[in-house]
Amino acid sequence: MTAVAGRRHTTLIAHVQTWRPYTLWYVGLLGLAGAGLGGGDRDWWRLLAAWATPTIGWIGGHYLGDYFDRRLDAISKAHRPIPSGRLRPQAALGCGVACFVGVGALAIAGGIGTGLVAVLAAAGIIAYSRGLKARGLSGNLARGALGTLAMLYGALVVAPVGWWPLVAFAVAFWAHDTASNLVGTIRDVAGDRAGGYRTVPVRHGDRVAAGIALLFYLAAVAAAAVGGLVRPPDSTLTGGQGGYLLLLGLTAAVGFAAFATLLPRRDHLPVRTALRAHELLVLERIGFAGAAIGLGFGLLPAVVLVVPALTVSWWTQARMRAGYELGPPQGTPAAGPSPAAPPAGQVTPDPS
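Residues numbered from 1 in each chain as written. Predicted model: local features only at pLDDT ≥ 70, side-chain atom pairs only at ≥ 80, totals over all residues. Heavy atoms only, no water.

Another point: the packing of helix α5 (residues 89-110) against helix α6 (residues 112-130). Their axes nearest at 7 Å, the elements α5 and α6 cross at an angle of 155°. It follows that α5 is roughly antiparallel to α6 by the angle criterion. Side by side, α5 and α6 meet where F100, V103, A107 and G110 of the first sit next to T114, G115, A118, A122 and I125 of the second. Here the residues of the contact of α5 with α6 sort into six nonpolar, three polar and no charged. (Axes fitted to C-alpha atoms, helices over the stretch in contact; angles between N-to-C directions. Helix = DSSP H or I, 4+ residues; strand = E, 2+ residues; numbered from the N terminus. Parallel < 35°, antiparallel > 145°, perpendicular 65-115°, else oblique. Contact = heavy atoms within 4.5 Å. Nonpolar A, V, L, I, M, F, W, Y, C, P; charged D, E, K, R; others polar.)

What follows is the structure, encoded as structure tokens:
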């Protein structure tokens, strides 16, 4: 491999790591869940837009999040693409903006409603990355709201025939993603504290953060169950409400298993324990969205979508997640050029 080819390969890997392919499929499933629950027009191009637009926005959000977090990552995660020098900050910013432009074009084409949701989502991503992420529970709630907006976007794409069934699911996905994001902060306590971030586990300890996350998760499961019960039955759906509640129950069992690894621990959790719990929630939430898809489209379409998403997410998470979060194993050189130590005046986090 030539030097030029090697650099291109390194840059490509850096982009793929920035996408977080183990989290990439969930938000598109939320868009499809909204399209199914909305009960509107289900033309193939509408369903494609319901999946693609949130997915492109998700990728753009990761680019911008890593751009805004580059100085914090230089403190605690110097192996990541930007601080390691494998991805230029300007390239990450440009890719993030390009994704947002694509989302804007698709959203405007969908009408006023989808355009408004896209604007709210973009504002939420920027607000979370630039400031709210460092300020505790408000950041977790803002991050959780992005899942709800993805679901509502999918509903608006198909022009929903009724809004009441969507209310419970809006609450469910908001509470669920808030819980998942809060668990994610537990694995980053050392770096967040060093960077001046005042997250819930930094301020109150890991156990309190895990307990609050569990309360949000309980609220999410309860709201999702209510949503399944109040949604008008549709005899054309394979499985119907019974199949939905069964899938929801199986998914919730996985979620509670993740929390069972956190709550019995002492106040300070080992980083790998917190990471494993979040990895389980990353897979669980695919099933959570899949249950809603099953309610709107039927169990067979849900299985067809969920099984490949779970497989790819599990495989990529097993191969990439620990290295991205914790760095290469001891004694293994990081890929790409070694990062230069940031000047003393540039190590403060962007959101401060």
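On we go.
Formed by 41 residues in total, the largest nonpolar core has its most connected members in L87, F169, F173, Y244 and F288. No other element matches the eight residues that helix α2 (residues 24-38) contributes to this core. If we ignore the near neighbours within four places in the chain, the residues touching L87 are A14, H15, T18, Y63, P81, I82 and A92. Within the second largest apolar cluster, 19 residues are counted, among which are L182, L214, A252 and A277. (Core = buried A, V, L, I, M, F, W, Y, C linked by side-chain atoms within 4.5 Å. Buried < 20%, exposed > 50% of the residue type's maximum accessible area, 1.4 Å probe, protein only.)

This paragraph deals with α5. For α5, spanning 22 residues, the distance from its first C-alpha to its last is 32 Å, which sits close to the expected 32 Å at 1.5 Å a residue. Among all positions of α5, only A91, A92, G96, C99, F100, V103 and A107 are buried. In this structure, the buried residues of α5 make contact with α3 (44-68), α6 and α7 (137-157). Positioned one or two residues after α5, G111 has a phi angle of 120°, which is positive. (Expected span 1.5 Å × (residues − 1).)

You can see T53 is positioned in helix α3. Classification of T53 as buried rests on a relative accessible area of 3%. When neighbours within four sequence positions are excluded, T53 is seen to be in contact with V103, L106 and Y153.

A word on unusual backbone geometry. Even without a glycine there, the phi angle at R20 is positive, about 50°. Position of R20 among the secondary structure elements: in the loop between α1 (3-19) and α2.

Within this structure, the stated rule accounts for five aromatic pairs. Both rings, one in Y67 and one in F68, keep their centres 5.6 Å apart while their planes meet at 65°; by these two values the pair is edge-to-face. Judged on exposure class, the residue Y67 and its partner F68 are both buried. Where Y217 meets F256, the ring centres are 5.3 Å apart and the plane angle is 85°; that geometry is what we call edge-to-face. With Y217 in helix α11 (residues 206-230) and F256 in helix α12 (residues 240-260), the pair connects residues that are 39 residues apart, well separated along the chain. Judged by its relative accessible area of 1%, Y217 is buried. Looking at F256, the relative accessible area reads 34%, which means it is partly exposed. Of the aromatic side chains, those joined through ring pairs into one cluster are Y217, F256 and F259. The positively charged end of R70 is found above the aromatic ring belonging to Y67, 4.2 Å away from the centroid. (Phe/Tyr/Trp six-rings, centres within 6.5 Å; stacked < 30°, edge-to-face > 60°. Lys NZ or Arg CZ within 6 Å of the ring centre and 35° of its normal.)

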